[in-house]
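# Remarks on the overall topology
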Amino acid sequence: MEPEPQIQAFESRYGRPPQAGARAPGRVNLIGEHTDYNEGRVLPCAIDRETLVLAAAREDGRVRLVSREEGEGRAFSGDALARRGDWTDYVQAVFFALAEAGHRVGGADLCVASDVPTGSGLSSSAALGVGVATALDALFGLGLQPIDWARAAHRGESAFVGVGCGIMDQWASALGRPGAALRIDCRTGEASEVPIGGDLALLVAHSGVRRELAKGGYGDRREECFAAFRAAREAGVAGPEARALRDLGEADLPALERALPDVLFRRARHVIRDDARVDRMADALRAGALAAAGALLLEGQASLRDDFEVSTPELDLLCEVADGLPGVYGSRLTGAGFGGCTLHLVAPEAAADVAVAIADGFERVFERRPAMLETPPSAGASRLWEPKGN
Ligand code: GLA
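Residues numbered from 1 in each chain as written. Predicted model: local features only at pLDDT ≥ 70, side-chain atom pairs only at ≥ 80, totals over all residues. Heavy atoms only, no water.

### Things to note about the site of the ligand
- Every residue lining the ligand is accounted for by Arg27, Glu33, His34, Asp36, Tyr37, Cys165, Gly166, Met168, Asp169, Tyr218, Gly335 and Ala336.
- Taking Asp169, its side chain carries an N or O atom lying 2.6 Å from an oxygen atom of the ligand.
- Contact distances for the ligand include 2.6 Å between an oxygen atom and a side-chain N or O atom of Tyr218.
- Here the ligand has 310 Å² of accessible area as a free molecule, and 97% of this is covered by the chains.
- A class-by-class count of the residues in the shell around the ligand yields 5 nonpolar, 3 polar and 4 charged.
- Counting only domains with at least three residues in the shell around the ligand, you end up with domain 1 (4–25 + 47–176 + 381–385) and domain 2 (201–375). (Near = heavy atom within 4 Å. Polar contact = N/O pair within 3.5 Å; in protein donor to acceptor, adjacent residues only side chain to side chain. Areas by Shrake-Rupley, 256 points an atom, 1.4 Å probe, with all protein chains shown as cover. Nonpolar A, V, L, I, M, F, W, Y, C, P; charged D, E, K, R; others polar. Domains from an automatic or database assignment.)

Below, the structure is given as structure tokens:
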């Protein structure tokens, strides 16, 4: 996003120029869904939609904030943080996490602008959290690394906002690489790049169903996963050294099916198989086996729909329409589900026609057009400028 108009907005709001600026993107996940909080693997990439955060320091410890999309936020004090149930919680959360980690962060005037659609499953909240962490790092010379931006945003979102999410979104936003997805092992913290070549386009369709509408669903799935793991351990299917569903594999499924109630078994089966699909997808992409990569998306979508039960009629239809089109390798919902977006792996020369055909097919049933976006795998967060001497 061009910073110029936002610099002007900052000056007209606060009567002085910003001293620091940072940007952080949203993300799309290729495969490995609901695996991060089960200590498994994920394969996201950053997208070319981002949040811009401009900042200038204040001496009085107050934080004033305004968002191009959300308007003026209520000011707060770094030493009296309190949740309010609006977007400013995600900003307060970063102040909370940085202070908790021992960083000296003062007051600030902040100006935020974002073209990551909210409630779309493209991680607008991670982009905001990582963007604020990066801007505060630049402003106060904290000397952080990109992984620290991710950890601060994630810690804030879990401990302050109270969303029990995994670290995938913040990680992808902070550490995304142009032209590559990141295979992240959420237990060990190991990450490697999986190149996405020019022979593959990433097409995203927004179902228009906002994910917040079903906020409770995410927490429920998380609890079901933890309950499935506890039951697996009690039944002796998971050994004493096992810590999470991540420690179980395909070979354990027959025993799990005997030991667990049906719903918990299906939740566990999704996690175990999607976790394995991450490495299968990384191998397929590295080998340029695009049909195999597409088939993994189809498997993933069936599993999210039937076993994990987080798809919706809108998301199912977007996938069904796309998968009948020439040039489409495969499709699935991306992110938590319950609304939001689908991802389609498409031959680049077919992408424009496919986008129109998906929107047409969706409109025939739901009588509105889904927003379509094509994105290259993009760079993670960066500082744009900082005060001299930092
Ligand atoms: C949300 C969470 C992530 C992850 C996905 C599902 O995006 O923020 O941590 O759990 O859902 O894969």
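Don't stop here, the text continues.
### Quick notes on the nonpolar core
- Val91, Phe95, Leu98, Leu110, Leu128, Val130 and Val132 are the most contacted members of the largest nonpolar core, which totals 37 residues.
- Among the elements that make up this core, the one with the highest residue count is helix α3 (residues 124–140) (8 residues).
- The residues contacting Val132, other than those within four sequence positions of it, are Val53, Val91 and Val94. (Core = buried A, V, L, I, M, F, W, Y, C linked by side-chain atoms within 4.5 Å. Buried < 20%, exposed > 50% of the residue type's maximum accessible area, 1.4 Å probe, protein only. Helix = DSSP H or I, 4+ residues; strand = E, 2+ residues; numbered from the N terminus. Contact = heavy atoms within 4.5 Å.)

### Description of the packing of aromatic side chains
- Applying the stated rule across the entire model yields 6 aromatic pairs.
- Three or more aromatic residues link up through ring pairs in this structure, and these residues are Tyr37, Tyr218 and Phe226. (Phe/Tyr/Trp six-rings, centres within 6.5 Å; stacked < 30°, edge-to-face > 60°.)

### A short note on the sheet that holds strand β6 (residues 107–114)
- Read across the sheet, 6 strands follow the order β5-β4-β6-β3-β1-β13 without closing on themselves; strand pairing throughout is mixed. The open sheet has two edge strands, β5 (71–77) and β13 (382–385), and neither has a second partner. On average, each strand axis in the sheet is inclined to that of its neighbour by 20°, with strand direction left out of account.
- Pairing geometry for strand β4 (residues 62–67) and β6, over 5 bridges, is parallel. Residue Leu65 lies in a different strand from β6, and its bridge partner there is Leu110. (Pairing = 2+ DSSP bridges. Axes fitted to C-alpha atoms, helices over the stretch in contact; angles between N-to-C directions.)

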